[in-house]
Structure formats: C-alpha cells, structure tokens
Amino acid sequence: MPNTPSHTMELPRLIVVGEKNIIQIGKFLKSLDSPSRASIIAGKHVQKIIQKKIKKSLANSKIHNFWHVPEGNDEKSIITIQKKVRSDSSDIIVGVGGGRSVDVAKMIAFSLHKPFVSVPTAASHDGIASPFVSVRGEKPHSIVATAPLGVFVDIDIIKKAPRRLFASGCGDLVAKITAVRDWELGRDRTGEYYGRYSANLASMSAKILVEAVEKHKVPDTRDVVEALISAGVASCIAGSSRPCSGSEHLFSHALDKIAPNVGLHGEKCGIGAILMAKLQGQDWKKIVATLKNVNAPTTAKQIGLKKEHLAQALVIAQSLRPQRYTILKEVVMTEKKALDLARVTGVI
C-alpha cells in the first residue's frame, strides 16, 4: 500500500450553538483567548440588528471593540479593511454576518496571524466553520485561510434572516452529494488521497435534507446550521475542500467570472449539483426534489441566469482548477452539450 502524504487538520476549538444567546458573546471570546481588544467585521444591516447587544456583552467582558464594514470580498476591499484592522492592534478578529463578513474576517485574520472567530447570522453556506475563503478576483476561487478558533451561533438570529439565505445554505449542503462523488473519482482515477471519514461526514450533512423530503418535512433551522458546521469541519479533517467542493463549485466559480452578482453561492452550487449529478449517473431528480422542498432555485431563470452564460460556465469550469479531478475531466464539454444537459435536467 503506497504511503499517503501527511496533511494538517486544523479544527475549531469551541463551537457554541444556542438560542437568544448573543448576549453571551463576550464570555465566549474570553473563554477562547482572553482578548482585551477585538476587531469586528460586520455589514451595516447586521450592525443595525445586533451591534448594541454585542457591544454591551463585550463591554461587560472588558473587551475593547473596533467595527469595520466590508465593501466586498474582492482583494482590494480586503486589503482596505486589513489596513484598518492592523491599526486596531486587536488580539482577535471576529466575522459577524453572512458570507462576505465571515470570509473577509477569516482572510484578514490569516494574513495578520490573528485568531479568528465566526459568528454567522445566516445559514447561507458552509464557510462558517471551514478554513476556506471565496475571494473575487481575476480567477474566482476558494483559497485556504485559517479555520476559526471558535464558532458562535444564535439560532434565533439565523431564523430571522431572509429565507432565501437559508435556502442557499441548503443548496451548499446538497452540493456535498456531487462533491464526494468527484472525490471518489479522483481517488479511483489518479490515486489521490481520499479520507473516508471526512467524506462520510460531508455526505451525512447533505443526507439530513434528503431525508426531510422523504419524511415530507422542511428541515429544522438548527439541523441545517449544525450540518453546515459539520461540512466545514469535514474540510478541516480532510485538509482540503475536497469533501465539500467539486465540479458543482467549479461551475459556481465560473459563473462568478462570467455572470458576477447573479445568484447566491449556495443557489449556484445547488443548480450545479443537479447538472453534475446527471453527468455522474446519480439520482439528480432527488436533488431537485430536495431543493424544491426548501424553496431553493432549481432553474437558471429563477436566479436570473442567461442560458448562454450557464453554457459558457460549464465549458470553462474545469479549467479554473485543472489539477482537481472531477466528472468534468471525463466529458468534452461544449456549449451544445451544456445546453442539452441543462434541458434534460429542467435547469433551462
């Protein structure tokens, strides 16, 4: 048996999931690293909702706090905020909000060699507990940053987030079905390292959504949050995004390049999972039913995506990360094939 190359597992030290517990955030941070100064990255809308409660909690724990609003998650915006955060001389960096704020905080913490804490306010993607960041740039992609030292979740806040964000998170979970299959292909075709435990953990995260459909139920918010955290931890254990990100994520990243600002990350991954499941010979109709159960989009039209952009994204997707083996390595994708695939699956 060939020697498997070693890899590093960086896991969150503490994860708290509660209800109406945002007032405990100060105690949580103190228990992690006893910080005296914290830089908080949060959007304007999030600040309006919970800034007062967080400030009060941090004051009670004697933590000075400095707040910053990210304009975007592109490299220029991250550098701008990073300069301000550096001048805070903080002991810890906290991302409060949806995907953008958490990603920006994670990236800055990594660059400044500071511990990072994730405080999601929406269950919109699995980045809340993973070491990976989606950065917009010339070549949109996920890069390795740092796993959060801690994850703090107030389910009551997440329940109040727009329902579309919850549906997007479910799309990111369903994507694990095709991501794990792509990883199996990489193992079988190239001898790539495959972590059975992390693959099973990612698959289980998607399974709670599929089972909800079978039981004619909508999944519980807490179940979805914990599944997203588990998916992020699966990536930490794997030492790569492999168990959570496959051809469907490459499709999403390609759309970021071709049709920026069309659809949420999880929405595009969910639609991508339908297409890739068909190519992989999996039950793509079950994925469609699962997405419909949480009112997540299953067609290009629902997210305002033009069919020609969808076709172009499918054609270039694999080229964004040529070293990663996926089902798209086994298909000579043309725009005609892409459109035929989208029609067969009802995506267009």
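Residues numbered from 1 in each chain as written. Predicted model: local features only at pLDDT ≥ 70, side-chain atom pairs only at ≥ 80, totals over all residues. Heavy atoms only, no water.

(A) Local environment of the pairing of strand 5 (residues 116-120). Across the 5 residues of strand 5, 5 count as buried, placing the element largely inside the fold. Taking every second residue as pointing to the same face, both faces of strand 5 are buried, with Phe116, Ser118 and Pro120 on one and Val117 and Val119 on the other. Direction of pairing for strand 4 (residues 92-97) relative to strand 5: parallel, over a ladder of 5 bridges. Paired with glycine 95 across the bridge in strand 5 is serine 118. Handedness of the β-α-β unit built from strand 4, helix 4 (residues 99-112) and strand 5 comes out right-handed. (Buried < 20%, exposed > 50% of the residue type's maximum accessible area, 1.4 Å probe, protein only. Helix = DSSP H or I, 4+ residues; strand = E, 2+ residues; numbered from the N terminus. Pairing = 2+ DSSP bridges. Right-handed = clockwise from strand over helix to strand, strands pointing away.)

(B) Quick peek at the domain arrangement of the protein. Splitting the protein by domain gives domain 1 (14-160) and domain 2 (163-345). Placing the centre of domain 1 and that of domain 2 at their C-alpha centroids yields a distance of 26 Å. If you look at the interface, domain 1 gives 26 residues, while domain 2 gives 29 residues. Across the interface of domain 1 and domain 2, roughly 2200 Å² is buried in total on both sides, 66% from carbon and sulfur atoms. (Domains from an automatic or database assignment. Contact = heavy atoms within 4.5 Å. Buried area = accessible area lost by both parts, 1.4 Å probe.)

(C) Region of the structure containing the UniProt feature "binding site: Zn(2+)" (unreviewed entry) in the protein. When the UniProt feature table is mapped onto this chain numbering, "binding site: Zn(2+)" (unreviewed entry) sits at Asp172, His249 and His265. In summary, the annotated positions, though distributed over 94 residues, converge in three dimensions, the widest C-alpha pair being only 8.9 Å. When you line up the elements, aspartate 172 lands in helix 6 (residues 163-190). Beyond its immediate sequence surroundings of up to four residues, aspartate 172 is in contact with His125, Asp126, His249, His265, Gly266 and Cys269. At a separation of 3.1 Å, a polar atom in the side chain of aspartate 172 contacts the main-chain amide nitrogen of aspartate 126. Checked against the element boundaries, histidine 249 lands in helix 9 (residues 247-258). (UniProt positions renumbered as here; feature names shortened; annotations may be inferred. Polar contact = N/O pair within 3.5 Å; in protein donor to acceptor, adjacent residues only side chain to side chain.)

(D) View of unusual backbone geometry. Look at lysine 20: it is not a glycine, yet its phi comes out positive at around 55 degrees. Looking at the element boundaries, lysine 20 is found in the loop between strand 1 (14-18) and helix 1 (25-33). You can call lysine 20 exposed: its relative accessible area is 58%. Even without being glycine, asparagine 295 reaches a positive phi, approximately 60 degrees. Tracing the backbone through its elements, the reader meets asparagine 295 in the loop between helix 11 (284-293) and helix 12 (307-316).

(E) Quick peek at the side chain of serine 118. Tracing the backbone through its elements, the reader meets serine 118 in strand 5. Owing to a relative accessible area of 0%, serine 118 belongs among the buried residues under this scheme. In this structure serine 118 touches Gly95, Val102, Ile128, Pro148, Gly150, Val151 and Phe152, once residues within four positions along its chain are discounted.

(F) Expanded view of the pattern of salt bridges. A full pass over the atoms with the stated rule returns 17 salt bridges. Across the pair glutamate 19 and lysine 159 runs a salt bridge whose closest N-O atoms are separated by 3.5 Å. Placement of the pair is glutamate 19 in the loop between strand 1 and helix 1 and lysine 159 in helix 5 (residues 155-159), with a sequence separation of 140 residues. Residue glutamate 19 is classed as partly exposed on the basis of its relative accessible area, which comes to 38%. Its relative accessible area of 46% is what places lysine 159 among the partly exposed residues. The structure contains a network of salt bridges with shared partners spanning Lys20, Asp156 and Lys160. (Salt bridge = Lys/Arg side-chain N within 4 Å of Asp/Glu carboxyl O.)

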